[in-house]
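Chains, contacts and geometry: an overview
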Amino acid sequence: MTFSDEKLLRTDDVDAAPLLQGIIDWVEMETPPERPDMIDLLLDHAQKGFAGMPVSARRYPPKGGKGGQLVVTYAPAGVTGKPVVMMGHIDTVWPVGTLAERPVRREDDKVFGPGIFDMKAGSYLITETLRRIVAEGRIPPRPITLFLNGDEETGSHASRDVIEELCADAAFVLVPEPSFEAPGTVITRRKGIAMFKLMATGRSAHAGGSLSEGRSAAREIARHLLEIEALNETEPKASFNVGVIQGGTRSNMVPAHAEIEVDMRVEDMATATRMVEAILSRQAIGDGITLKVEGELNRAPFEKSEKVARLYAATQNLAAALGLPMDETSRGGCSDGNIAAGLGAAVLDGLGCSGAGAHALHEHILASTIAPRAVLIHNMLMSPTFQSMALDG
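Notes on the structure in this doc start here. (Residues numbered from 1 in each chain as written. Predicted model: local features only at pLDDT ≥ 70, side-chain atom pairs only at ≥ 80, totals over all residues. Heavy atoms only, no water.)

**A short note on the packing of aromatic side chains**
Under the counting rule described, the total for this entry stands at 3 aromatic pairs. Between tryptophan 26 and tyrosine 124, the aromatic rings sit 5.4 Å apart at their centres with planes inclined by 80°, giving edge-to-face as the arrangement. A residue pair is termed long-range when its members are at least 10 positions apart, and tryptophan 26 in helix H1 (residues 16-27) and tyrosine 124 in helix H4 (residues 116-135) qualify at 98 residues. Owing to a relative accessible area of 2%, tryptophan 26 belongs among the buried residues under this scheme. Plain terms: the ring middles of phenylalanine 172 and phenylalanine 386 are 5.9 Å apart, the flat faces sit at 85° to each other, and that makes the pair edge-to-face. Taken together, the residues phenylalanine 172 in strand S7 (residues 172-174) and phenylalanine 386 in helix H11 (residues 384-392) connect sequence positions 214 residues apart. (Phe/Tyr/Trp six-rings, centres within 6.5 Å; stacked < 30°, edge-to-face > 60°. Helix = DSSP H or I, 4+ residues; strand = E, 2+ residues; numbered from the N terminus. Buried < 20%, exposed > 50% of the residue type's maximum accessible area, 1.4 Å probe, protein only.)

**Considering the environment of isoleucine 24**
With respect to the helices, strands and loops of the structure, isoleucine 24 is situated in helix H1. Expressed as a C-alpha distance, the spacing of isoleucine 24 and isoleucine 116, which sit 92 residues apart in the sequence, is 7.7 Å.

**As for empty space enclosed by the protein**
Summed over the entire model, instances satisfying the criterion amount to 2 cavities of 30 Å³ or more. Each pocket or cavity is described by its volume, and for the largest cavity that value is around 50 Å³. As for the largest cavity, its lining consists of Val27, Met29, Glu30, Thr31, Thr92, Trp94, Thr98, Pro114 and Lys120. Considering only residue class, the lining of the largest cavity consists of 4 nonpolar, 3 polar and 2 charged. Put simply, the second largest cavity is a space of about 40 Å³. (1 Å grid on protein atoms, 1.4 Å probe; cavity = no way out; pocket = protein on both sides within 12 Å on 5 of 7 lines; lining within 4 Å. Points joined across faces, edges and corners; volume = space filled by probe spheres on them. Nonpolar A, V, L, I, M, F, W, Y, C, P; charged D, E, K, R; others polar.)

**As for helix H6 (residues 217-230)**
Taking 1.5 Å of rise per residue, 14 residues should cover 20 Å, and H6 covers 20 Å from first to last C-alpha, within 8% of that figure. Of all the positions in H6, only Ala217, Glu220, Ile221, His224, Leu225 and Ile228 are classed as buried. The arc that holds the buried residues of H6, viewed along the axis, is 140°, so those residues lie on one side. Of the exposed residues in H6, the ones pointing more than 90 degrees away from its buried face are Arg219 and Leu226. Contacts made by the buried residues of H6 are with strand S9 (192-201), strand S10 (238-247), strand S11 (257-266), helix H7 (269-280) and strand S12 (290-299). With a side-chain oxygen positioned 3.3 Å from the backbone nitrogen of alanine 218, the residue opening H6 is serine 216. (Expected span 1.5 Å × (residues − 1). Arc of directions from axis to C-beta. Contact = heavy atoms within 4.5 Å. Polar contact = N/O pair within 3.5 Å; in protein donor to acceptor, adjacent residues only side chain to side chain.)

**What to know about the packing of helix H10 (residues 370-382) against H11**
Their axes nearest at 6 Å, the elements H10 and H11 cross at an angle of 75°. Comparing their axes, H11 and H10 come out roughly perpendicular. Of H11, the residues touching H10 (which contributes Asn379, Met380, Leu381 and Met382) are Pro384, Phe386 and Gln387. Its residues assigned to classes, the contact of H10 with H11 comprises 5 nonpolar, 2 polar and no charged. (Axes fitted to C-alpha atoms, helices over the stretch in contact; angles between N-to-C directions. Parallel < 35°, antiparallel > 145°, perpendicular 65-115°, else oblique.)

**Looking at the layout of surface pockets**
By volume, the largest pocket is sized at about 720 Å³. Counting only elements with at least two residues in the lining of the largest pocket, the list comes to S9, S10, S11 and S12. At 5 residues, S12 tops the list of elements feeding residues into the lining of the largest pocket. Residue classes in the lining of the largest pocket are distributed as 10 nonpolar, 9 polar and 13 charged.

Keep in mind these values describe shape, not function.
Below is the structure:
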């Protein structure tokens, strides 16, 4: 079978205007991580779109102050096999009130709004694509599962078990995080992330009269800071950033406590395993100082495995059949796709709209990329030829 044997959905078949309005509706519902109640309102809104339809829906309530999740599965009678899993998040980094300061606006092809690029546009598109497939009574080659996460921007700590449960049994996983670089680009690699806190305890003393009796925790932690950041020169597959430093109380006291927080990014698991062990095993350098190190690998590297390469190659072929551009890139930032890839799943990320400004004041999408992305996702879910290529090569 080839794509010529199938009736593919094409960009001319899609009216982007209602899709853009749906994206704007989601953007205008603020969903900061610290407000799980507001995240629930958007999950309610998304779930209502499937009311009365032949789908199963599961809600996971907020936990530990983190946002909840929604899982929707479409498995018509006779449709079996491992599901295609689509994962998006609806929480954003923007606090309540940001929308009043920076309302949604359009300038030519750019549509600006807090959270529109990262990643309400992509999350809306996978939700609406599935809703339309179900509403039109279309029968996919295999079941489809939609996962909307309200916990991603703070590390997916509350949602990780759900993600792992869904992705462990997935045929492949699609993640509509923002598309960077040229329109049509997807993500086939992401660095993993580990976070550490190093806490030094010394002994306070009067800086003028008893300096020699003190043991400076600030000096200790500064030495570790410099040594860790120097690893950027010797570790080609890892990067290190000390983003927080705290310590001391007054300038006339030898500081008894100081700490730093470290962000480490890694390209592969071998480097991750080695460097996590190296950071966690650090010992105090100065006499009379104790050092405590906490941390772990939060998300494993998303490497371009054979499964990922096969999924990307199938997507290239599909894009060519649709007359759409297609390219790949890697990113230093993480997504829930890292968790799926860490389980050995075939993952394709960056399937959201093109644009720029994630976590920035100029955050925007390009409206011209809405229809192409909607069409690509639809056909990835519905084309037997694509799925055969993606899974069997």
